[in-house]
Amino acid sequence: MIKTDILIIGAGPTGLFTVFEAGLLKLKCHLIDALPQPGGQCSEIYPKKPIYDIPAYPEILAGDLVKNLLEQIQSFNAGYTLGERAETLDKLEDGTFIVTTNKGTKHHAPVVVIAGGLGSFEPRKPQLGNIDKFEDKGISYMIKDPQVFRDKKVLIAGGGDSALDWSIFLADVASEVYLVHRRNEFRGALDSVEKVAELSKKGKIELITEAEVTQLHGDQHLEALTVKHLKNGESYIEVDHFIPLFGLSPKLGPLGDWGLEIEKNAIKVDNSYDYQTNIPGVYAIGDVNTYPGKLKLILSGFHEAAVMCQSAYQRIFPDKKYIMKYTTVGGVEGFDGTKKEAKKEVVKSIV
């Protein structure tokens, strides 16, 4: 039985930052994640994708963000159960919880925090008859290492931020980049749309709109695609890689059977106080939760983690009063004995 102060389900950025905020309160954390390494989607799906809205970082790769978060929490000695999915939640008579994974690993904690992002997810695949044949043989639904596409012919399909961002990124990596979208209008950020248009004018991206991929060609590996145009018939395009980016279909999985109040595949929480669910002692933070005015941003998850930890402390230690100190004043003291703090100014008397 693994025992901890706060059990965190989900080791993405929000879950990892929770370890830091809990550590400031001297609370120990253990994280469960179905993926084999910490970082969530940032590690598994787009580690090389730049993120632009993290405070103090004009631009940071998703994988580097995870690396920095892991470095930030290193002194707080978090435990991990990786490669296992949280399966059941049982509340004991004393108000604490037992969470058991699909592999039978049991965890005991007075506070459970669900930071599972979008939950479990699957890519939305285009309706093509032989698509399974070419999966991992020219077809990818996510990009882990852009260097795989170095000097290759790549066709991306989609009209959202991922399709736009990766088209821009791969324009300087691949030998040829095609971007195919069913409409003339894109659903992504205006800045990205403008960058794609500019790269198209320079010949670095071949933009094909009002069109869709209808056939896949190849023997053991994908060799070409048929693209059907709304107005101009069909065209045959030789490619090395096809990347359909039509988003992910999120699912809560076993969490949906825990008795939590669910709204549109997200967990309802009390955002006016502490992001607690309808089960006292169970919180939900990050993209997995919903409340009026919710913004699904990493920085929002960071804020929710900080507020939630204050509530968790009061739940675990109802008779103690915690007085918050800024890290610039109190420093950061790790469980391993390390401490970071500002150097004290020494004022010498001139009298």
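Below is a summary of the structure that appears in this document.

## Focus: the nonpolar core
Inference 1: I6, V99, I114 and W258 are the most contacted members of the largest nonpolar core, which totals 58 residues.
Inference 2: With 7 residues, helix α7 (residues 298-316) is the single largest residue contributor to this core.
Inference 3: The residues contacting V99, other than those within four sequence positions of it, are L7, I9, I32, A86, T88, L89, T105, K106, H107, V112 and W258.
Inference 4: Core analysis: the next-biggest nonpolar cluster, separate from the first, contains 20 residues, W166, I168, L170 and V173 among them.

## Description of the sheet that holds strand β8 (residues 97-101)
Inference 1: Spatial ordering of the open sheet is given by β1-β9-β8-β7, a layout of 4 strands whose pairing is mixed. Two strands bound the open sheet, and with one partner strand each, they are β1 (2-3) and β7 (86-91).
Inference 2: The pairing of β8 with strand β9 (residues 106-109) spans 4 bridges and is classified as antiparallel. For I98, the partnering residue across the bridge sits in β9 and is H108.

## Let's talk about the environment of E176
Inference 1: Structurally, E176 can be placed in strand β13 (residues 176-181).
Inference 2: Between the C-alpha atom of E176 and that of F149, which follows or precedes it by 27 residues, the distance is 9.8 Å.
Inference 3: For E176, the residues in contact, after removing those within four places along its chain, are K152, K153 and V154.

Basis of the calculations
For every chain, the first residue of the written sequence is number 1, and numbering continues from 1 onward in sequence order. Per-residue local features are limited, in this predicted model, to residues with pLDDT of at least 70; the limit for side-chain atom pairs, both in listing and counting, is 80 or more; totals at the level of whole chains, interfaces and linings are taken over all residues. Side-chain metrics in this entry use all non-hydrogen atoms of the structure; hydrogen atoms and water are not considered. To define a nonpolar core, start from buried Ala, Val, Leu, Ile, Met, Phe, Trp, Tyr and Cys residues and group those joined through side-chain atoms within 4.5 Å. Relative accessibility decides the category of a residue: with a 1.4 Å probe and only protein chains considered, values under 20% of the type maximum give buried, values over 50% give exposed, and everything between is partly exposed. The way it works is that DSSP assigns letters per residue, a run of H or I at least four long becomes a helix, a run of E at least two long becomes a strand, and they are numbered from the N terminus. Working rule for contacts: check all heavy atoms of both residues, and any pair within 4.5 Å makes them a contact. When DSSP finds two or more bridges between two strands, those strands count as paired.

Read these as geometric descriptors, not functional statements.
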